[in-house]
Amino acid sequence: MAWFRAGYSAARIAIRKTLCHSGSYMTRIQGLASHNRSFHRTIFRSKAQASATPQSMPLSKLTDNFLDATSSVYLEELQKAWESDPNNVDESWDNFFKNFAGQSVTSAGISGQTIQESMRLLLLVKAYQVNGHMKASLDPLDLEEREIPDDLDPAFHGFTEADLDREFFIGVWNMSGFLSDNRPVMTLQSILTRLQQAYSGHVGYEYMHIDDSAKCNWLRDKIETPTPMTYNKERREVFLNRLTWSTYFENFLATKMKAAKRFGLEGGETLIPGMKEMFDRASDLGVENIVVGMPHRGRLNVLGNVFRKPLAQIFSEFDKNAKSLDEVGLYTGTGDVKYHLGTSYDRPTRAGRRIHLSLVANPSHLEAVDPVVLGKTRAKQYYTNDADRSRNMAVLIHGDGSFAGQGVVYETLHLSALPNYTTGGTIHIVVNNQVAFTTDPRSGRSSQYCTDAAKALNAPIFHVNGDDIEAVAYVCELAAEWRQTFHSDVVVDIICYRRFGHNEVDEPFFTQPKMYKVIQKHPSSLEIYQNKLLESRDITQEDIDRIHRKVNTILNEEYSNSKDYVPKRSDWLSSHWSGFKSPEQLSRIRNTGVNLDVLKKVGKAITVLPDDFKPHKQVKKIYDDRAQMIETGEGIDWALAEGLAFATLLLEGNHVRLSGQDVERGTFSHRHAMVHDQESWKQYCPLDHVMMGQDEEMFTVSNSSLSEFGVLGFELGYSMENPNALVMWEAQFGDFSNGAQVMFDQFLSGGESKWLRQSGLVVLLPHGYDGQGPEHSSARLERFLQMNDSDPYVVPEMDSSLRKQIQGCNWQVVNVTTPANYFHVLRRQIHRDFRKPLVVMSPKNLLRHKSCKSNLCEFDDVQGHPGFDKQGTRFKRLIRDQNDHSDLEEGIRRLVLCSGKVYYELEEERNRLSEKDVAICRVEQLCPFPYDLVQRELKRYPNAEIVWCQEEPMNMGAYSYIAPRLYTTMRTMGRGSFEDVKYVGRAPSASTATGFYSNHKDEQIKLVQLAMQPEPIKYPY
Ligand SMILES: Cc1ncc(C[n+]2csc(CCOP(=O)(O)OP(=O)(O)O)c2C)c(N)n1
Ligand SMILES: [Mg+2]
């Protein structure tokens, strides 16, 4: 078909050219290019121009299927071709001609309609379906200046005024709406009127980009109704009531809190009744839970009017003197501004049901919350067994500037149909106030509409004039119906305006004088609606006054209540989280070792492939080797240790989900969690078979789209829903995680403190200097450490029975060196009464390193086995020197502290030199810093010079984090000063690593040699 389309485009251009030469279209063409991005004044064509006769075209340039056709010249040629031989035309045209040939003979009332005319009419209808939105009256300010496409003019299709009263038949087999074959015969005038009403009124529909005729027909049935849609008196009263609430809420805040920033909704107030209609309709259609993400604009209005957050509480939060609660055991965090906070409520619907609404807390970073909302929704679907995704739905509200400009919107849209990420369709609502802060659309986007990105995902887009509450309500309901019918994304673009500045203290006239001159005089949507209802006599002035009085009274009452409002205990734990501890409540440290029999059993389950399964032979060997490791209990490698952690957590009833780019196989071809049969191409995931009849989704490993920001956000949202899940995101290489920097900076590191929401998300960031160059060596460990919130100069309570060190910090950063320790750190995430994000600098060459192996006895809980101390088997925050040093080793001249894979290189060098008086300890948990264990090691080596060794450059890696903490530890022991913390590692550098392998090798050799050198280390002091 591609050649067809290419041929057709050429034909269109050719036709255009011909028309231009004829002179009459010239002015229109010239005006087209530059102004098509924003709304501009419509230019209508004069009659004289319209009647130009196009030149005919060679048939060879006019091939196409009929859905794409728009030229009547083309049709004439096509008909001639068909008449001489039906094989000359595309099959769709053949059907069409046959259909019409039959109909025009048999249908009564058709006054001499020729096939030519039928075809032209059909093209006119189709032109409206495709381009009707271009003529729609969408801008409440009427500032829009758009070029109206030629094909919306009947003259373009060869019709004249004389044809208006003639009756036509336009039915097409297998097509709904105006084109359906059961539509009665209509006059051209009435067809035109309905086309205008349906496609060019206050709603502009974009759906013809959807390549699914069933979906298009479904929409046509809704749009091309025989008569326009109207609401009865009762519904209109509801709309009026809701619009009054929305409008008065903003007015009230504007008068009571004049100088406060609230990012008001004025100009877009119909959003609120629109959302309510959408939610009511969604509830009618089976939705029970809606997860909402939204930006600043109108958020308080949504909270108060849609979520029903107590108004007194909203008003009280404006009180500048409001304090965070200081109740004992109640963690209040650092808080956030009121227009970022999340919340959840059960909202009664119009039909008397209840719908649970959750608003996800978000940072200022526009659109960053989008994937988080989707992840949370997907998790809700998992936990509520919502297999067809009809009970839990996501709704995202956007600004016009951010929807067009922020890349994460596209990343999020792209998750919509991926099997392990879909949420069965998101409803997007754009509060399109035609300005972004001070930026006009023509400077803010290259596309016609701000919603154009959604077209790539085949989402229908309903542009609606935000002044018309009924049109807004209608498309909001339609969006809910679409979502519940097709389970795919849909966009409602509410075109409105912003009555005041970006916020309440901004002056919009500085930058948009023309627009604001119009806005000043523009009535509110409430006034417009009231007048409409008064005119229609659906409502009286007394009714209106009554609603106003009621709303005003409640607002005033709530305002006076707000003065005495006492905040309740924070709602930071939803039901799934009951029993979980806040950072101020002690959660006892638990063991993570597993019974040996259990380990063997699950170990077997995850290393066996079905008999008739034919994996790739290298994969078979990997699985055979793993089976052998379980059998002998020796040499367990990284991937198997991870598998054992997953399997044992599953066995304990937890959900495990690992997502990221290529995670099924693993970037380094080490995981092979999903195995592929080389003959049948079937897939097998051993971790789906830990238990009999295991639910397929209980363990999910999923390759993701090539996105960091979007996918990490999704997993973060997923992790927040239910604590009994190990949710992990793995970066391809650690450095790519900076594409998701907003997630780390705004959500993961500070989310608990700002919004009182916990997450146990695990982030795996492959890290390590092995000569792969600047972009694949460093996961930017320094940044994660720098973002931790512990005081480097204060040693917290470290007694194991009182220790709340991890609970009190914002996240954990580890650089683990043994498979067993990896196993325990993953299990520890779940075996505790709180959740805390975990950032893992994960290995690359250690995945296959001969020394990086553990024995099964390090995973179990058998007394006397390695790893078992008086408390049982646990994650080791620090691994002491592997030589069996006693509690006091006075002969050790140097203690080298390090972290990660450089340890193995240091150990190798020490062995090579047979160096006996240097000790090497691994700080496995960098953050929070294991003060107690470092103290223990310092005591063990009282005469040792203390060295921090790292392979990263000095301005990177852990050095700047470690140095003050090491110093603090030493100071508490009277063991020297800051200057006594010595450094071995690469020199400061702009680039993370050299791009030359030979340089890398030299540097690496030099640094391990330095760490072992006989002379004292003088660096940096
Ligand atoms: C990622 C990001 N960049 C910049 C900003 C600063 N900023 C706040 S609001 C705003 C304009 C948003 O415009 P739009 O999306 O149209 O929403 P509106 O305020 O008009 O409702 C900008 C640029 C931000 N909050 N987030
Ligand atoms: Mg805007």
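Predicted model only: the values in this text are computed from it and were never measured. (Residues numbered from 1 in each chain as written. Chains lettered and ligands numbered in written order. Predicted model: local features only at pLDDT ≥ 70, side-chain atom pairs only at ≥ 80, totals over all residues. Heavy atoms only, no water.)

1. Comments concerning the overall build of the protein chain
Regarding its fold elements, the protein chain presents 33 helices and 26 strands. Looking at the protein chain as a whole, 59% of its 1021 residues are labelled buried. Taking the intrachain contacts of the protein chain between residues at least 6 apart in sequence as the baseline, contacts between residues at least 24 apart amount to 80%. Of the roughly 40700 Å² that the protein chain leaves accessible, carbon and sulfur atoms contribute 51%. (Helix = DSSP H or I, 4+ residues; strand = E, 2+ residues; numbered from the N terminus. Buried < 20%, exposed > 50% of the residue type's maximum accessible area, 1.4 Å probe, protein only. Contact = heavy atoms within 4.5 Å. Areas by Shrake-Rupley, 256 points an atom, 1.4 Å probe, with all protein chains shown as cover.)

2. Quick look at the site of ligand 1
Not every one of the 15 residues close to ligand 1 is listed here, only the nearest: R297, S364, D400, G401 and S402. With respect to ligand 1, the backbone of G401 contributes an N or O atom lying 2.8 Å from an oxygen atom. Contact with the protein chains covers 76% of the free accessible surface of ligand 1, which is 580 Å². It is helix 14 (residues 400-405) that contributes the most residues to the shell around ligand 1, three residues altogether. (Near = heavy atom within 4 Å. Polar contact = N/O pair within 3.5 Å; in protein donor to acceptor, adjacent residues only side chain to side chain.)

3. Some remarks on the packing of aromatic side chains
Evaluation of the coordinates by the stated rule reveals 30 aromatic pairs. Centre to centre, the rings of F159 and F168 are 5.8 Å apart; their planes meet at 80°, and the pair counts as edge-to-face. Judged by its relative accessible area of 0%, F168 is buried. Seen in terms of ring centroids, F744 and W811 are 6.5 Å apart; in terms of plane orientation they differ by 65°. Their pairing is edge-to-face. You can see F744 sitting in helix 25 (residues 741-748) and its partner W811 sitting in the loop between helix 28 (805-808) and strand 17 (812-814), a full 67 residues away along the chain. (Phe/Tyr/Trp six-rings, centres within 6.5 Å; stacked < 30°, edge-to-face > 60°.)

4. A word on the coordination of the magnesium ion (ligand 2)
Reference values for coordination geometry: four tetrahedral donors around a metal ideally subtend 109.5 degrees, six octahedral donors ideally subtend 90 or 180 degrees. Bound to the magnesium ion (ligand 2) on the protein side are D400 (OD), N433 (OD1) and V435 (O), at distances that span 2.0 to 2.1 Å. When the donor residues of the magnesium ion (ligand 2) are listed from N- to C-terminus, their spacing reads D-x32-N-x1-V. Pair noted here: D400 is in helix 14 and V435 is in the loop between strand 8 (426-432) and helix 16 (441-444), with a separation of 35 residues, a long-range link. For the pair D400 and V435, one class covers both residues: buried. (Donors = N, O, S within 2.8 Å, 3.2 Å for Na, K, Ca; no water.)

5. Digging into the sheet that holds strand 15 (residues 725-730)
Think of a sheet as strands paired side by side through backbone hydrogen bonds, with each pair either parallel or antiparallel. Pairing within the open sheet is mixed, and its seven strands lie in the order 14-11-15-16-18-17-24. Two strands close off the open sheet at either side, each with one partner strand: strand 14 (699-703) and strand 24 (925-927). Adjacent strand axes in the sheet meet at a mean angle of 20° when their direction is disregarded. Here strand 11 (residues 655-660) runs beside strand 14; their pairing, made up of five bridges, is parallel. Residue pairing for strand 14: S659 is matched across the bridge by S702. Set on the sheet, helix 29 (residues 819-830) makes contact with strand 15, strand 16 (762-766), strand 17, strand 18 (838-842) and strand 24; between it and strand 15 the angle comes to about 125°. (Pairing = 2+ DSSP bridges. Axes fitted to C-alpha atoms, helices over the stretch in contact; angles between N-to-C directions.)

6. Notes on the pattern of salt bridges
In total, this model carries 50 salt bridges according to the counting rule given. We note a salt bridge from D538 to R236, for which the minimum N-O separation is 2.7 Å. Residue D538 is found in the loop between helix 19 (525-536) and helix 20 (541-563), and its partner R236 is found in helix 9 (residues 233-256); the two are separated by 302 residues along the sequence. Take D538: its relative accessible area is 18%, and that puts it in the buried class. Given a relative accessible area of 11%, R236 falls into the buried group. Note that D280 and R242 form a salt bridge whose closest N and O atoms lie 2.9 Å from each other. Here the residue D280 occupies a position in helix 10 (residues 271-284), and R242 occupies one in helix 9, the gap between them amounting to 38 residues. You'll find D280 and R242 in the same group, each marked buried. Through salt bridges with shared partners, one network takes in R235, R242, E277, D280, R350 and E477. (Salt bridge = Lys/Arg side-chain N within 4 Å of Asp/Glu carboxyl O.)

7. Points about the environment of I170
Tracing the backbone through its elements, the reader meets I170 in the loop between strand 1 (167-168) and strand 2 (186-187). Since its relative accessible area comes to 3%, I170 is described here as buried.

8. Some remarks on the pairing of strand 26 (residues 981-986)
The side chains of a regular strand alternate between both faces of the sheet. Burial runs high along strand 26: six of the six residues are buried. Where strand 25 (residues 945-953) and strand 26 come together, five bridges link them in parallel fashion. Paired with I946 across the bridge in strand 26 is V981. Between the parallel pair strand 25 and strand 26, the chain is carried across by helix 32 (residues 959-972), and the sense of this crossover is right-handed. (Right-handed = clockwise from strand over helix to strand, strands pointing away.)

9. A word on the environment of L253
Tracing the chain through its elements places L253 in helix 9. A residue is classified by how much of its surface remains accessible, and L253, at 0% relative accessible area, is buried. On a C-alpha basis, the gap between L253 and Y559 in space is 9.8 Å, while along the polypeptide they are 306 residues apart. Once residues within four sequence positions are removed from consideration, L253 is found in contact with K258, R262, L300, F315 and F318.

10. Some points on the pairing of strand 23 (residues 918-923)
Among the six residues of strand 23, six are classified as buried, and the element is accordingly described as predominantly covered. The alternating pattern of strand 23 places V918, I920 and R922 and A919, C921 and V923 on opposite faces, both of which are buried. Bridge analysis of strand 21 (residues 878-879) against strand 23 gives two bridges, and the strand direction is antiparallel. Within strand 23, the residue paired with I879 across the bridge is R922. Where strand 22 (residues 894-898) and strand 23 come together, five bridges link them in parallel fashion. Residue R894 lies in a different strand from strand 23, and its bridge partner there is V918. Each parallel crossover has a hand, and for strand 22 linked through helix 30 (residues 902-913) to strand 23 it is right-handed.

11. Remarks on the sheet that holds strand 23
Read across the open sheet, the five strands follow the order 21-23-22-25-26; overall the sheet is mixed. Either end of the sheet is taken by a strand with one partner, and the two such strands are strand 21 and strand 26. In the packing of helix 30 onto the sheet, contacts are made with strand 22, strand 23 and strand 25, and the angle to strand 23 comes to roughly 170°.

12. Structural notes on the nonpolar core
The biggest cluster of nonpolar side chains holds 140 residues, and the ones touching the most others in it are L644, F744 and L906. With nine residues, the top contributor of residues to this core is helix 23 (residues 638-651). With 96 residues, the next largest nonpolar core counts L271, F279, M294 and V492 among its residues. (Core = buried A, V, L, I, M, F, W, Y, C linked by side-chain atoms within 4.5 Å.)

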